[in-house]
Amino acid sequence: MSLNHTLILGGARSGKSRFAEQLALNSNKAVIYLATGQAHDSEMQARIAHHQQQRPTDWPLVEEPITLADALQTYSTKDNCILVDCLTLWLSNCLCHARADCWNEQKAALLAALEHLPGQVIFVSNEVGHGIVPLGELSREFVDESGWLHQAIAANAERVEFIMAGLALTLKEQS
Ligand SMILES: Nc1nc2c(ncn2[C@@H]2O[C@H](COP(=O)(O)OP(=O)(O)OP(=O)(O)O)[C@@H](O)[C@H]2O)c(=O)[nH]1
């Protein structure tokens, strides 16, 4: 089964967001930008402001740090393309949530929702699994969950790209 979603992976400052934005533009559909990031400090505020300045001003913004599946179900239509930037921050937000089962619930909800969404979705995410296994328990959980999430989304994606130094390596493309 291949669904109408694309996964764009890459390291920090790899150019993955820019690549994903170009892909969304090329879709020729109405694009919605779904941000999972939260501006908890001035550095993050500056990053967000930078992102806002360089993407098209006519893209509606949805900010949703936790309930990603609900947001996708609310906004996905057969004529639109939702750009989700990014799964990594969503995973962090869910793992750090006060409710211990938040992550398992939200992950299951997303994977289930993906089977029925009417429109196109482009996911951006950090590939964080290239280093050594972290010593801290939460960091280990983060790296493990991130890898499992990417595998689950990639399995049914129609396209998966890995971005490095602004260049794309196509991992999967189904015509
Ligand atoms: N809340 C909110 N977050 C945003 C908005 N625009 C972007 N972001 C967040 O900013 C994050 C990207 O931050 P960066 O660290 O600068 O980008 P990056 O993805 O690591 O870098 P590249 O690989 O170069 O794309 C995304 O994950 C978004 O969640 C916005 O309008 N509102």
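The text that follows walks through the structure, step by step, so that each part is easy to find. (Residues numbered from 1 in each chain as written. Predicted model: local features only at pLDDT ≥ 70, side-chain atom pairs only at ≥ 80, totals over all residues. Heavy atoms only, no water.)

Section: the packing of aromatic side chains
Point 1. Evaluated as defined, the whole model comprises 1 aromatic pair.
Point 2. Look at W90 and W103: their rings are 4.9 Å apart centre to centre, the planes differ by 65°, and that puts the pair in the edge-to-face class. Separated by 13 residues along the polypeptide, W90 in helix α4 (residues 87-95) and W103 in helix α5 (residues 102-114) bring together distant segments of the chain.
Point 3. Assessed through its relative accessible area of 0%, W90 is described here as buried.
Point 4. By relative accessible area, which is 3% here, W103 ends up buried.
Point 5. Its guanidinium or amino end placed over the ring of Y33, R55 lies 3.7 Å from that ring's centre, counting from NZ or CZ. (Phe/Tyr/Trp six-rings, centres within 6.5 Å; stacked < 30°, edge-to-face > 60°. Helix = DSSP H or I, 4+ residues; strand = E, 2+ residues; numbered from the N terminus. Buried < 20%, exposed > 50% of the residue type's maximum accessible area, 1.4 Å probe, protein only. Lys NZ or Arg CZ within 6 Å of the ring centre and 35° of its normal.)

Things to note about the layout of surface pockets
Point 1. Quantified by volume, the largest pocket comes out at close to 690 Å³.
Point 2. Lining of the largest pocket is provided by 26 residues; of these, R13, S17, R47, H51 and D85 occupy positions nearest its centre.
Point 3. When residues of the lining of the largest pocket are traced back to their parent elements, those giving at least two are α1 (16-26), β2 (30-35), α2 (42-54), β3 (61-63), α4 and β5 (120-126).
Point 4. When residues of the lining of the largest pocket are assigned to their parent elements, the largest contribution, 7 residues, is made by α2.
Point 5. Considered class by class, the residues forming the lining of the largest pocket number 9 nonpolar, 10 polar and 7 charged. (1 Å grid on protein atoms, 1.4 Å probe; cavity = no way out; pocket = protein on both sides within 12 Å on 5 of 7 lines; lining within 4 Å. Points joined across faces, edges and corners; volume = space filled by probe spheres on them. Nonpolar A, V, L, I, M, F, W, Y, C, P; charged D, E, K, R; others polar.)

Points about the packing of α4 against helix α6 (residues 137-156)
Point 1. Between α4 and α6, the least distance of the axes is 10 Å, while the angle of their chain directions is 130°. In this view, α4 runs oblique relative to α6, as classed from their interaxial angle. At the point where α4 passes α6, the crossing takes the right-handed sense. For the pair α4 and α6, contact is made by L87, T88, W90, L91, S92 and L95 and by L138, E141, F142, E145, S146, L149 and I153, respectively.
Point 2. Taken together, the residues of the contact of α4 with α6 break down into 8 nonpolar, 3 polar and 2 charged. (Axes fitted to C-alpha atoms, helices over the stretch in contact; angles between N-to-C directions. Parallel < 35°, antiparallel > 145°, perpendicular 65-115°, else oblique. Left-handed = near helix turned anticlockwise from the far one by under 90°. Contact = heavy atoms within 4.5 Å.)

A short note on the environment of G37
Point 1. Among the secondary structure elements, G37 is positioned in the loop between β2 and α2.
Point 2. G37 gets classed as buried once you look at its relative accessible area, which sits at 18%.
Point 3. Separated by 52 residues in sequence, G37 and L89 have C-alpha atoms that sit 5.8 Å apart.
Point 4. Apart from the residues lying within four places of it in its own chain, the contact partners of G37 are M44, D85 and L89.

A word on the environment of L167
Point 1. Along the chain, L167 turns up in strand β7 (residues 167-173).
Point 2. Residue classification places L167 among the exposed positions, given a relative accessible area of 60%.
Point 3. Distance from L167 to G15, taken between C-alpha atoms, is 7.8 Å for residues 152 residues apart in sequence.

Some words on the environment of L149
Point 1. Following the sequence through the fold, L149 ends up in helix α6.
Point 2. Separated by 42 residues in sequence, L149 and K107 have C-alpha atoms that sit 7.8 Å apart.
Point 3. Each residue touching L149, except ones within four places of it in the same chain, is listed here: L87, W90, W103 and K107.

With respect to α4
Point 1. In terms of burial, α4 is a largely internal element, 7 of the 9 residues being buried.
Point 2. Within the span of α4, buried status applies to L87, T88, W90, L91, N93, C94 and L95.
Point 3. Packed against the buried residues of α4 are β1 (3-10), α3 (68-75), β4 (80-85), α5, β5 and α6.

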